[in-house]
Amino acid sequence: MRTRTRIAVIGVGNEFRRDDGVGWAVVERLRKRAEAGPHHSDTVWATCDGDPGRLIALWESAALAVVVDAAHAHPGTPGRVHRLELDAGRIDGPRSTSSHGLGLGEAVELARVLGLLPDHLVVYAVEGADGSFGTGLSPAVAAAVDPLVTAVEDELTRHQDELAGGRS
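Residues numbered from 1 in each chain as written. Predicted model: local features only at pLDDT ≥ 70, side-chain atom pairs only at ≥ 80, totals over all residues. Heavy atoms only, no water.

Comments concerning the packing of aromatic side chains
Right, on to step 1. The full count for this structure, using the stated rule, is 0 aromatic pairs.
Right, on to step 2. Over the ring of Phe133 we find Arg17, and its NZ or CZ is 4.3 Å from the ring centre. (Phe/Tyr/Trp six-rings, centres within 6.5 Å; stacked < 30°, edge-to-face > 60°. Lys NZ or Arg CZ within 6 Å of the ring centre and 35° of its normal.)

Given below as C-alpha cells:
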C-alpha cells in the first residue's frame, strides 16, 4: 500500500461574486507565499467553482485536502470563520450552507460513496456579507484573508510534522 503525501489546497467559489471569491483570494495569497519560500513539493494550489466532480478530482489522491469556501449562515456574522474536519466520512459543523447550488457536503458524500475522499479533509468556511456580481471582498471578509492564510499554513505544517514523526 502506497503512503499518500500529496496535499491539495482548494479555494472554492466565484471571484466575480464578491465574497464568494474568498477561497480564491486565500489560495492566490498562499500560492504567492509558497513561490517566495519553501513549501511541500507535493502541494497543489487550486481554485474550483464548487462542482462536486471537480472538487473530488482535485482531492481524491491527497493525504490532506484543505478547502476554503464562502458560506451563508443564518443568522450570519460576515468574516467569521468556521473550521470543520472530516469525521468518519461526514462533515459536522455549524448550520451553514455553501454559496453554490450544490454544497461541499454533497461533494463529500459523493466522494465517500465512491471511495475517493482524501485521507484527511479540513474545511474553512467564511461567512460572507455580499454575494452580488462584481469583484472585491467586503471589508469583513477581506479582514479574514490574512488570518486564514496563516491558519492554512499552520495546517500544512502540522500535517508535514505528523508525516515526519511517522517516519521515525
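Moving on, there is more to tell.
A look at the pattern of salt bridges
Right, on to step 1. Taken as a whole, this structure holds 11 salt bridges when the rule is applied.
Right, on to step 2. Its salt-bridge partner being Arg33, residue Glu153 comes within 3.0 Å of it at the nearest N-O pair. One end of the pair, Glu153, is in helix α4 (residues 139-167); the other, Arg33, is in helix α1 (residues 22-36), and 120 residues separate them in sequence.
Right, on to step 3. The salt bridge involving Glu155 is made with Arg158; its shortest N-O contact spans 3.0 Å. With Glu155 and Arg158 both in helix α4, this residue pair falls 3 residues apart, about one helical turn.
Right, on to step 4. Because the salt bridges share partners, they merge into one network encompassing Arg83, Glu85, Glu155 and Arg158. (Salt bridge = Lys/Arg side-chain N within 4 Å of Asp/Glu carboxyl O. Helix = DSSP H or I, 4+ residues; strand = E, 2+ residues; numbered from the N terminus.)

Comments concerning helix α2 (residues 52-59)
Right, on to step 1. Buried residues of α2: Pro52, Leu55, Ile56 and Trp59, and no others. Along the long axis of α2, the arc covered by the buried residues comes to 100°, so they all point the same way.
Right, on to step 2. Where α2 is buried, its residues meet β1 (7-12), β2 (43-48), β3 (64-73), α3 (104-114) and β7 (120-127).
Right, on to step 3. One side-chain oxygen of the residue at the start of α2 lies 3.1 Å from the amide nitrogen of Gly53, identifying that residue as Asp51. (Buried < 20%, exposed > 50% of the residue type's maximum accessible area, 1.4 Å probe, protein only. Arc of directions from axis to C-beta. Contact = heavy atoms within 4.5 Å. Polar contact = N/O pair within 3.5 Å; in protein donor to acceptor, adjacent residues only side chain to side chain.)

Some thoughts on unusual backbone geometry
Right, on to step 1. With phi around 45°, Arg18 is a residue other than glycine that occupies positive phi space.
Right, on to step 2. Within the secondary structure, Arg18 sits in the loop between β1 and α1.
Right, on to step 3. In this structure Arg18 comes out as partly exposed when scored by relative accessible area, which is 26%.

Some points on the pairing of β3
Right, on to step 1. Across the 10 residues of β3, 9 count as buried, placing the element largely inside the fold.
Right, on to step 2. Where β3 meets β7, 8 bridges bridge the pair, whose relative direction is parallel. Counterpart to Ala70 in the pairing with β7 is Val126. (Pairing = 2+ DSSP bridges.)

Some words on the nonpolar core
Right, on to step 1. One finds Val9, Val22, Val26, Tyr124, Val152 and Leu156 to be the most contacted residues of the largest nonpolar core, which totals 23 residues.
Right, on to step 2. For this core, the secondary structure elements donating two or more residues are β1, α1, β3, β7 and α4.
Right, on to step 3. It is α4 that contributes the most residues to this core, 8 residues altogether.
Right, on to step 4. Once you skip the residues sitting within four places of it in the chain, Tyr124 turns out to touch Val66, Val67, Val68, Asp69, Val81, His82, Arg83, Leu148, Ala151, Val152 and Glu155.
Right, on to step 5. Counting 19 residues, the second-largest nonpolar core is a separate cluster that includes Ala62, Val67, Val108 and Leu121. (Core = buried A, V, L, I, M, F, W, Y, C linked by side-chain atoms within 4.5 Å.)

So, the environment of Ala57
Right, on to step 1. Relative to the assigned elements, Ala57 resides in helix α2.
Right, on to step 2. Ala57 sits in the partly exposed class, given a relative accessible area of 48%.

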